[in-house]
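These are the residues of each chain, in order.
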Amino acid sequence: VGSRWGHVSSCAHAALTLLYPLTWQHIFIPVLPTAMLSYACAPMPYVLGLLARHAPALAKEPVEEEVLYVHLETGKIAGGAEPSEEA
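None of the values given here were measured: they were computed from a predicted structure. (Residues numbered from 1 in each chain as written. Predicted model: local features only at pLDDT ≥ 70, side-chain atom pairs only at ≥ 80, totals over all residues. Heavy atoms only, no water.)

*Asks:* What am I meant to see in the overall build of the protein chain here?
*Replies:* Scanning the protein chain for helices and strands turns up two helices and four strands. For the protein chain, the C-alpha radius of gyration of 12 Å lies close to 12 Å, the compact-globule estimate for 87 residues. Its C-alpha atoms give the protein chain principal-axis dimensions of roughly 35 × 30 × 25 Å. Expressed as a percentage of the 87 residues in the protein chain, the buried residues total 33%. The contacts of the protein chain with a sequence gap of at least 6 include a subset with a gap of at least 24, amounting to 28%. Per element, the accessible surface of the protein chain, about 5,700 Å² overall, is 60% carbon and sulfur. Between the mean site of the 4 positive side-chain charges and the mean site of the 8 negative ones, the protein chain shows a separation of 13 Å. (Helix = DSSP H or I, 4+ residues; strand = E, 2+ residues; numbered from the N terminus. Rg over C-alpha atoms; globule rule 2.2 N^0.38 Å. Buried < 20%, exposed > 50% of the residue type's maximum accessible area, 1.4 Å probe, protein only. Contact = heavy atoms within 4.5 Å. Areas by Shrake-Rupley, 256 points an atom, 1.4 Å probe, with all protein chains shown as cover. Lys, Arg positive; Asp, Glu negative; His and termini not counted. Charge placed at Lys NZ, Arg CZ, Asp CG, Glu CD.)

*Asks:* I keep staring at a nonpolar patch on the surface and nothing clicks. Help me out?
*Replies:* On the surface, a nonpolar cluster with roughly 320 Å² of combined accessible area is contributed by L68, V70 and I77. Inspection of the secondary structure assignment puts L68 in strand 3 (residues 68–71). (Patch = residues over 30% accessible without salt bridge, like charges linked within 9 Å, V, L, I, M, F, W, Y side chains within 5 Å. Salt bridge = Lys/Arg side-chain N within 4 Å of Asp/Glu carboxyl O.)

*Asks:* Sorry if this is basic, but what is going on with helix 1 (residues 5–17) here?
*Replies:* One full turn of an α-helix is made of 3.6 residues, so residues set three or four places apart face in the same direction. With 13 residues, helix 1 should cover 18 Å at 1.5 Å per step; its first-to-last C-alpha distance of 19 Å lies within 8% of that length. By the burial criterion, the buried members of helix 1 are V8, S9, A12 and L16. Burial along helix 1 is one-sided: seen end-on, the buried residues are contained in an arc of 95 degrees. Buried residues belonging to helix 1 abut strand 1 (27–29) and strand 2 (46–48). (Expected span 1.5 Å × (residues − 1). Arc of directions from axis to C-beta.)

*Asks:* Any chance you could explain the pairing of strand 3 here in plain terms?
*Replies:* Working note: regular strand, side chains alternate between the two faces of the sheet. Of the two faces of strand 3, only the one carrying Y69 and H71 is buried; L68 and V70 on the other face are not. Bridge count between strand 3 and strand 4 (residues 76–79): four bridges; the pairing is antiparallel. Bridging from a neighbouring strand, V70 pairs with I77 of strand 4. (Pairing = 2+ DSSP bridges.)

*Asks:* Just to check I follow, could you spell out the side chain of S9 for this structure?
*Replies:* Tracing the sequence through the fold places S9 in helix 1. In this structure, S9 is in contact with P30 and V31, ignoring residues within four places of it in sequence.

*Asks:* Can you walk me through the side chain of H54 in this structure?
*Replies:* Checked against the element boundaries, H54 lands in the loop between strand 2 and helix 2 (55–59). Ignoring anything within four residues of it in the chain, the contact list for H54 reads L32, T34 and L37.

*Asks:* Looking at this structure, how should I read unusual backbone geometry?
*Replies:* Put simply, Y20 and P21 share a cis peptide bond, and its omega is 15 degrees. Positionally, P21 belongs in the loop between helix 1 and strand 1.

Now the structure itself:
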């Protein structure tokens, strides 16, 4: 979760790079558009980049409890169904 499109996309790509020598075979969307927020409700593994301004809309979606949010501005990792804005 971040406020700048370029940082969100770069960090999403970097997360997958850390898996080397393995490769990610599941859903990967570097920056999730608002029209596709329901993808965060998918019952399968995914890596999604989220702009901070879309976090309130995502909080309204039925997201699984096992989701982890990495907040780029604060450097904190939060878990749970809602991306907290305080983290």
